Structure formats: structure tokens, C-alpha cells
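Each chain, written out:
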Amino acid sequence: AAADGLGSIAIDTTQLNMSVTDPTAWATAMNNLGMVPVGLAGQQLVTDSICVPGFDPSLSMMTGITPINPMIPGMGLVPPPPPTDVPVVKEIIHCKSCTLFPPNPNLPPPSTRERPPGCKTVFVGGLPENATEEIIQEVFEQCGEITAIRKSKKNFCHIRFAEEFMVDKAIYLSGYRMRLGSSTDKKDSGRLHVDFAQARDDFYEWECKQRMLAREERHRRKMEEDRLRPPSPPAIMHYSEHEAALLAEKLKDDSKFSEAITVLLTWIERGEVNRRSANQFYSMVQSANSHVRRLMNEKAAHEQEMEQAKESFKNALTGILTQFEQIVAVFNASTRQKAWDHFSKAQRKNIDIWRKHSEELRNAHSEQLMGIRREEEMEMSDDDSGDNPSKKLRVDDSALAAQAYALKEENDSLRWQLDAYRNEVELLKQEKGQLFRTEESLTKDQQLQFLQQTMQGMQQQLLSIQEELNNKKSELEQAKEEQTHTQARLKVLQEQLKSAKELAEINGHDESQANEINVLTVALVNQDREKNSEKRSPGLKSEKEALLIGIISTFLHVHPFGANIEYLWSYMQQLDSRISANEIEMLLMRLPRMFKQEFTGVGATLEKRWKFCAFEGIKTV
């Protein structure tokens with residue numbers, strides 16, 4: 001009873017009952033802390049034999065008995081966790097070298113930082129100055145196995161436990177007053193502050209554990225997916241003559257036909273059919289076709305079974321409907337006044353309900369039977385309009401049908417063998433004819449094709465050069481005509497100038513008037529030259545040419561070193577696939593003031609490039 005009452009708490013507004021081992025020591029501790037001692041009442045709940053004065057964790061080594069951890073709730077120093085709505089009352093803890101006095105229960109609980117993930121290390125502050133590492137281990141090893149203690153000279157230390165749940169037990173000691181022995185010296189006492197500590201080793205172990213759990217989860221999901229995944233289809237062997245012979249035998253067997261037809265389909269889709277194997281594949285396809293008759297016979301048999309089942313269902317439904325009619329007749333007879341008056345009110349109500357329910361079921365079954373009869377009438381009308389080919393295949397005499405089927409199979413197999421021999425003979429003839437073709441004939445054919453392609457390319461180049469030559473000739477003739485015209489015009493102007501000078505001398509005009517006449521003549525000559533140049537360079541034919549000139553000018557302007565006609569043509573092909581390189585080159589040659597052609601490179605690297613020179617043409621003009 002004393003052990004069970006270790007964590008019992010009874011708190012009232014006027015009186016506080018708690019279990020203590022030494023009321024005098026508790027009052028002394030409260031006076032040393034400068035607190036008014038609270039009233040103590042009630043009997044002692046924990047005897048001296050249970051209160052751990054001589055707890056030895058090495059007891060198991062000598063006796064072989066597993067020791068009781070004093071920090072397990074309900075078994076040692078730490079009481080079981082109380083309900084959330086009841087405040088916690090801590091007790092005095094006696095150790096070999098020190099005594100721990102609980103904090104004032106009226107004070108708020110000590111604050112702690114946020115718990116780091118995987119925390120196994122605690123910070124312990126407020127230690128007495130004379131506290132040694134052995135005393136610290138004696139106090140905190142009751143919380144669990146300690147792996148490391150790092151003590152500082154400034155009255156604090158870090159303690160690392162083996163498991164995470166041990167940290168919660170150590171946090172429970174936060175706020176306790178620690179006194180070494182029975183001394184009242186300040187260096188032998190201190191208030192403990194226990195808090196979570198962030199350690200790299202704890203975080204690393206936590207991460208490793210999380211990764212292990214993630215790996216286990218992935219493995220579990222993969223196993224679940226593998227379990228739920230449908231089984232893979234069986235592997236299909238590669239084609240060979242031996243496998244083809246085995247497959248042909250399987251195709252003739254009705255029980256293995258479905259498996260064999262899958263292999264045949266896979267081989268055909270893989271592209272195994274060639275001239276050598278065409279006969280074998282043809283024979284296998286014929287074997288597959290021979291099963292069509294068997295399948296049609298099976299279908300006819302199943303249709304006959306379905307007809308019989310329909311007939312039996314219709315007969316059974318007719319019998320059920322007859323019985324329903326009899327039941328309804330019984331109910332109708334019961335409702336007549338001769339028998340109806342003898343029934344009680346409750347009996348009449350039940351009979352009426354049963355009659356209505358029976359009539360509904362009878363009507364439903366009669367409608368179903370009428371629907372079956374209508375379907376039969378429709379099938380009969382379809383049979384009258386056109387005979388069903390599946391019914392024609394039915395054979396009444398089973399022995400004659402089997403015998404005829406065997407004869408047909410034998411005839412088909414003989415026909416297939418004959419077709420196979422014919423195909424082999426044709427294949428041998430073709431192979432003999434192909435032996436006369438040597439590698440030289442193949443190379444000659446390739447050379448001939450290459451020469452034909454080069455000849456076509458040269459013909460196209462020749463045609464383009466001829467077109468360019470004709471254009472040049474026409475331009476030269478126009479230039480000659482314009483030159484003769486300008487010379488004749490110049491002679492006329494010179495004669496006019498002479499006559500004007502003579503008139504000026506006769507009339508006595510001064511030299512300024514003569515100079516004005518010269519300026520006018522020069523202006524007229526320049527106008528004639530400009531007109532001739534405009535005539536020499538024909539204008540743009542369409543809006544498309546203007547658009548092409550704008551795009552080509554922009555392209556060549558960003559290429560200051562010019563671009564060859566192939567590069568320019570490939571760029572224009574992206575905009576208009578119908579344009580040709582010859583059309584672009586002719587357009588550039590028509591505008592010599594905007595585009596000029598230059599040669600770059602030496603020898604084999606000689607290359608023609610087009611440049612944009614419209615800005616230079618404007619400056620010269």
C-alpha cells in the first residue's frame with residue numbers, strides 16, 4: 001500500500017497533503033531557501049526501507065536479479081505521471097552523497113527550450129561548486145544508462161544518455177535543490193536547472209535512424225508493389241527451324257493452340273519472316289486457319305446449349321406462372337362473400353395484402369415470359385429472311401462428320417506440303433540466278449548512280465550560268481543604248497551652249513550670265529545621268545521582293561564580314577521554304593548599290609561572300 005501510494009496526491013485550498021520521508025529536513029530546507037514552510041499533514045506514505053537510501057545498481061552482478069530502475073514511474077524515485085489536470089508534487093530524494101529537495105509546488109514549472117530531434121543529451125546547470133563527476137553520475141544514473149559526462153568549471157555539465165526516453169526522466173529533476181551531505185555551505189548547495197541540449201552526435205544518430213526507417217518503408221512499398229503487380233507473360237523463345245517444327249505440331253493440337261498462336265504472332269511481329277522461312281510460316285498460318293472450322297462448330301454447340309437452356313428456362317417460368325395463377329385464384333375465391341364473412345378483420349387484412357403481392361409477382365413474370373416469346377418471334381423472322389451460316393455447319397451424324405473432317409485435314413496437309421515444295425524450288429532458282437551477280441556489278445551500279453547525280457547537278461549549274469549570261473547580255477545592251485543616247489544628248493547641249501555664248505557676246509551680256517548658263521547645262525547633264533541610272537536599274541516587281549530585300553539587308557548588316565549565298569539561303573529557307581538560292585542571287589545582282597560581292601580566301605578556300613554596302617552608296621552619291 002505504501003509503494004502504491006508513492007505518487008498519491010491530495011491538494012486542497014486550505015491544506016496540502018504530501019508524502020515526505022523527513023518532515024524536519026523538509027522544514028529546514030524551506031528555511032534555508034527563504035520560503036515560508038507550508039503546512040504538512042497526513043501520515044508518512046513511504047517507509048525507510050523503500051525510500052532508496054542504499055540503492056546499488058550493481059546488485060544484479062552479485063545476485064543475478066535484475067535491479068529495479070528507481071526512475072521508472074511507480075517503481076522507484078520518480079512517481080507515475082499524474083493526470084494533466086492535477087498539479088505535480090515532487091518529493092525529497094536521498095542519495096549516498098547528497099540530498100535533492102523538491103522545489104516549491106506553488107511556483108510555475110521550470111522552462112525548457114524546444115526539444116531537438118533525437119535528443120539524448122541534457123544540460124545541467126546550477127551545480128554546487130564542490131560537486132564532482134562521481135556525485136553527478138550517482139544522481140543522474142538513476143534516470144538511465146549514461147554514456148558520457150562533460151563537466152565544466154563553471155558549475156554546469158552536459159550528460160549524454162543511451163536512449164531518448166531517459167532525457168525525460170532527467171528533465172523531471174529540474175528545479176530540485178541539491179545539497180552535498182549535511183553541510184550548509186553555499187559551495188555545497190545549488191539549484192539544478194536541467195534542459196535539452198543540442199548535440200551533433202544525437203542529430204547524426206537521429207538522421208541515420210530516419211534514413212533507415214525510410215529505407216525500410218521503401219523496401220516495404222516495393223515488396224507490396226511486387227506482390228500486387230500482375231505476373232509477367234511467359235518468355236517467348238527465338239525463332240529457329242527446330243522451334244518452328246515444334247510450333248507447327250502445337251498448332252495442330254487443340255489444347256495447345258492458344259499458347260502456340262501467341263508465339264506465332266510474336267515471331268511475325270518481330271520480323272522473322274523472310275524468303276527462307278516464308279514456307280514454314282505459310283504452313284503455320286494455314287494450320288491456324290484450320291481451327292476456324294473447329295471454333296465455328298464449338299460456337300454452334302454452345303448456341304445449341306444456350307437454346308436448350310432458354311427452352312428449359314421458359315418451361316420453368318411457365319410452370320411458375322401457372323402456380324402464381326392458382327395462388328391468385330385461391331385469394332380471389334377467399335375474398336368472395338361466402339368465405340370472406342367468416343374471417344376476422346386482421347385475417348382479411350393479411351389476405352388482401354397477400355393477394356396484391358401475388359398479383360404483382362404474377363404480372364411481372366408474365367411480362368418476362370412475353371418478352372422471351374417476342375425475342376423468339378424476332379429470331380424466327382431473321383431466320384426466314386436469311387439463313388444463319390452457323391446452323392448450316394451443324395452435322396447430325398457425328399461419325400460421318402468426324403470422318404469427313406479427318407479427310408479434309410489430310411487433304412489440307414498434303415496441299416500445304418506441295419505448296420512448300422514449290423516455294424523451295426522457286427527459292428533455289430532465285431538463289432542460283434543471284435549467284436551470277438558479283439561485287440563488281442554492285443560497285444558499277446553505285447558508280448553509275450553517283451555519276452548520274454553529279455551530271456544532274458552540273459546540268460542545273462549550267463542552266464543557272466546560262467540564265468546569268470543572258471541577263472548580263474541584256475544589261476550590256478541596255479547600257480550601250482543609254483551611252484549612245486547620252487552622247488547624242490551631250491552633243492546637242494554643247495551646240496546649244498555655243499549658240500547661247502554667241503548670243504550673249506552679241507547682246508553684250510556679262511560673264512555671270514554665261515556662268516549661269518554653264519551651271520544649267522551641268523544640271524541638265526546630271527539629271528540625264530540620274531534618269532539613265534534609274535532606267536538601268538529596274539524597279540521592284542512585287543511586295544515580296546521588297547520584303548526579301550529588307551530581310552537580307554538586316555541579315556547582312558549584322559554580318560560585317562559578309563555571308564555566302566548558301567548560308568543566306570539556309571536562313572531564308574526557315575522563313576519561306578519555296579525560295580531558291582538562284583532567286584536570292586539574282587535579286588542581289590540587280591541591286592549593285594546595296595549589295596556587293598567579294599572573294600575571300602586563297603586556293604581551295606576561295607569563297608564568294610555578299611556584303612551590305614547601301615550606306616557607302618549613299619555617301620558616294
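Residues numbered from 1 in each chain as written. Predicted model: local features only at pLDDT ≥ 70, side-chain atom pairs only at ≥ 80, totals over all residues. Heavy atoms only, no water.

The name recorded for the chain in an unreviewed UniProt entry is ENOX1 protein, from Alectura lathami. If you open the UniProt record of the chain and go to Sequence similarities (unreviewed entry), you find "Belongs to the ENOX family." (UniProt positions renumbered as here; feature names shortened; annotations may be inferred.)

On a plain count of helices and strands, the chain comes out with 18 helices and 13 strands. Residue burial in the chain is summarised as follows: out of 621 residues, 26% are buried. Pairs at least 24 residues apart make up 64% of the contacts formed inside the chain by residues separated by at least 6 positions. Accessible surface, the chain as shown: approximately 44,000 Å² in total, 55% of it carbon and sulfur. (Helix = DSSP H or I, 4+ residues; strand = E, 2+ residues; numbered from the N terminus. Buried < 20%, exposed > 50% of the residue type's maximum accessible area, 1.4 Å probe, protein only. Contact = heavy atoms within 4.5 Å. Areas by Shrake-Rupley, 256 points an atom, 1.4 Å probe, with all protein chains shown as cover.)

Time to look at helix 15 (residues 543-557). Look at helix 15: 21 Å from first C-alpha to last across 15 residues, which is about the 21 Å you get at 1.5 Å a residue. If you check which residues of helix 15 are buried, you get Glu545, Leu548, Ile549, Ile552, Ser553, Phe555 and Leu556. Buried positions in helix 15, seen along its axis, are confined to an arc of 165° and lie on one side of it. Along helix 15, exposed side chains directed more than 90 degrees from the buried face belong to Glu543, Leu547 and Thr554. Residues of helix 15 that are buried sit in contact with helix 16 (565-575), helix 17 (581-589), strand 12 (595-600) and strand 13 (607-612). (Expected span 1.5 Å × (residues − 1). Arc of directions from axis to C-beta.)

Let us now look at the sheet that holds strand 9 (residues 177-180). Strand order in the open sheet formed by 4 strands is 4-5-9-10, and the pairing between neighbours is antiparallel. The sheet is open, and its two borders are formed by strand 4 (93-94) and strand 10 (189-191), each paired with just one other strand. The pairing of strand 5 (residues 98-101) with strand 9 spans 4 bridges and is antiparallel. Directly across from Cys98, in strand 9, lies its bridge partner Leu180. (Pairing = 2+ DSSP bridges.)

This part covers unusual backbone geometry. Positive phi outside glycine occurs at Asn155, with the angle close to 65°. Its place among the elements puts Asn155 in the loop between strand 7 (146-151) and strand 8 (156-161). Taking the relative accessible area as the measure of exposure, Asn155 reaches 26% and is therefore partly exposed.

Here the chain averages 77 in pLDDT, while 75% of its residues score no lower than 70. The low-confidence segment residues 1-23, where pLDDT is below 50, has 38 contacts with residues more than four positions distant or belonging to other chains. Here residues 25-79 is modelled with pLDDT under 50, and outside its nearest four sequence neighbours on either side it reaches 82 contacts, counting other chains as well. (pLDDT = per-residue confidence, 0-100.)

What follows covers the packing of helix 6 (residues 241-252) against helix 7 (residues 257-270). When two helices pack together, their arrangement is captured by the angle between the axes and the distance separating the axes. At their nearest, the axes of helix 6 and helix 7 sit 8 Å apart, and the two run at 140° to each other. It follows from the interaxial angle that helix 6 and helix 7 lie oblique. With respect to the hand of their crossing, helix 6 and helix 7 are arranged in left-handed fashion. Residues Glu243, Ala244, Leu247, Lys250 and Leu251 of helix 6 lie in contact with helix 7, whose contacting residues are Phe257, Glu259, Ala260, Ile261, Val263, Leu264 and Trp267. (Axes fitted to C-alpha atoms, helices over the stretch in contact; angles between N-to-C directions. Parallel < 35°, antiparallel > 145°, perpendicular 65-115°, else oblique. Left-handed = near helix turned anticlockwise from the far one by under 90°.)

Judged by nonpolar contacts, the single largest core of 31 residues is most densely connected at Val124, Phe140, Ile159, Phe161, Leu173 and Met178. For this core, the elements supplying multiple residues, two or more each, are strand 5, strand 6 (121-125), helix 3 (133-140), strand 7, strand 8, helix 4 (165-171), strand 9 and strand 11 (193-196). Leave out the neighbours within four places in its chain, and Leu173 touches Ile93, Leu100, Val139, Phe140, Cys143, Leu192 and Val194. Counting 16 residues, the second-largest nonpolar core is a separate cluster that includes Ile549, Ile552, Phe555 and Ile579. (Core = buried A, V, L, I, M, F, W, Y, C linked by side-chain atoms within 4.5 Å.)

With that settled, the discussion passes to the sheet that holds strand 11. Across the sheet, which stays open at both edges, the 4 strands sit in the order 7-8-6-11 with antiparallel pairing between neighbours. For this open sheet the edge positions go to strand 7 and strand 11, each flanked by a neighbour on one side alone. Sheet twist, expressed as the average angle between the axes of neighbouring strands with direction ignored, equals 20°. Relative to strand 8, strand 7 runs antiparallel, the two being bridged by 5 bridges. Directly across from Arg150, in strand 8, lies its bridge partner His158.

By the secondary structure assignment, Asp195 is in strand 11. Apart from residues no more than four positions distant in its own chain, Asp195 is found in contact with Thr112, Arg113, Val122, Phe123 and Ile171. One polar contact links the side chain of Asp195 to the main-chain amide nitrogen of Arg113, over a distance of 3.1 Å. (Polar contact = N/O pair within 3.5 Å; in protein donor to acceptor, adjacent residues only side chain to side chain.)

Time to look at the packing of aromatic side chains. Overall, the coordinates contain 10 aromatic pairs when judged by the stated rule. With a centroid separation of 5.5 Å and an interplanar angle of 40°, the aromatic rings of Phe123 and Phe156 are classed as tilted. Note that Phe123 is positioned in strand 6 and Phe156 in strand 8, a separation of 33 residues in sequence. Measuring from ring centre to ring centre gives 6.5 Å for Trp267 and Phe281, while their planes differ by 80°; the resulting arrangement is edge-to-face. With a gap of 14 residues between them, Trp267 in helix 7 and Phe281 in helix 8 (residues 278-334) connect regions that are remote in the sequence. When sorted by exposure, Trp267 lands in the same class as Phe281, which is buried. Over the ring of Phe257 we find Arg294, and its NZ or CZ is 5.8 Å from the ring centre. (Phe/Tyr/Trp six-rings, centres within 6.5 Å; stacked < 30°, edge-to-face > 60°. Lys NZ or Arg CZ within 6 Å of the ring centre and 35° of its normal.)

Here we come to the UniProt feature "coiled-coil region" (unreviewed entry) in the chain. What UniProt calls "coiled-coil region" (unreviewed entry) maps, in this numbering, to residues 285-312 and 404-503. For residues 285-312, helix accounts for 100% and strand for 0%, while the C-alpha atoms at its two ends are 41 Å apart.

Using the criterion set out here, one finds 22 salt bridges in the structure. Among the salt bridges present, the one from Arg220 reaches Glu217, with a minimum N-O distance of 2.4 Å. Separated by 3 residues within a single helix, Arg220 and Glu217 lie in helix 5 (residues 200-228), roughly one turn from each other. For Lys608, the salt bridge is made with Glu585, and the minimal N-O distance between the two is 4.0 Å. Remark: Glu585 occurs in helix 17 and Lys608 occurs in strand 13; sequence separation between them is 23 residues. Residue Lys608 is classed as partly exposed on the basis of its relative accessible area, which comes to 39%. Here the residues in one salt-bridge network are Lys120, Arg160, Asp202 and Glu205, joined through shared partners. (Salt bridge = Lys/Arg side-chain N within 4 Å of Asp/Glu carboxyl O.)

The next thing to look at is a nonpolar patch on the surface. A cluster of nonpolar side chains, namely Ile268, Val273 and Val285, defines an oily patch on the protein surface of about 220 Å² accessible area. Its relative accessible area of 42% is what places Val273 among the partly exposed residues. (Patch = residues over 30% accessible without salt bridge, like charges linked within 9 Å, V, L, I, M, F, W, Y side chains within 5 Å.)

With that settled, consider the pairing of strand 13. In the sheet, strand 12 pairs with strand 13 via 6 bridges, with the strands oriented antiparallel. The residue bridging Glu598 from the neighbouring strand is Arg609, located in strand 13. Between strand 12 and strand 13, which pair antiparallel and follow one another directly, the connecting turn spans 6 residues, one of which, Gly601, has a positive phi of 95°.

This structure, assessed with the given rule, holds 0 disulfides. In this structure Cys95 is not part of a disulfide, and its nearest cysteine sulfur, from Cys98, lies 4.5 Å away. Given the relative accessible area of 12%, Cys95 is considered buried. (Disulfide = S-S within 2.5 Å.)

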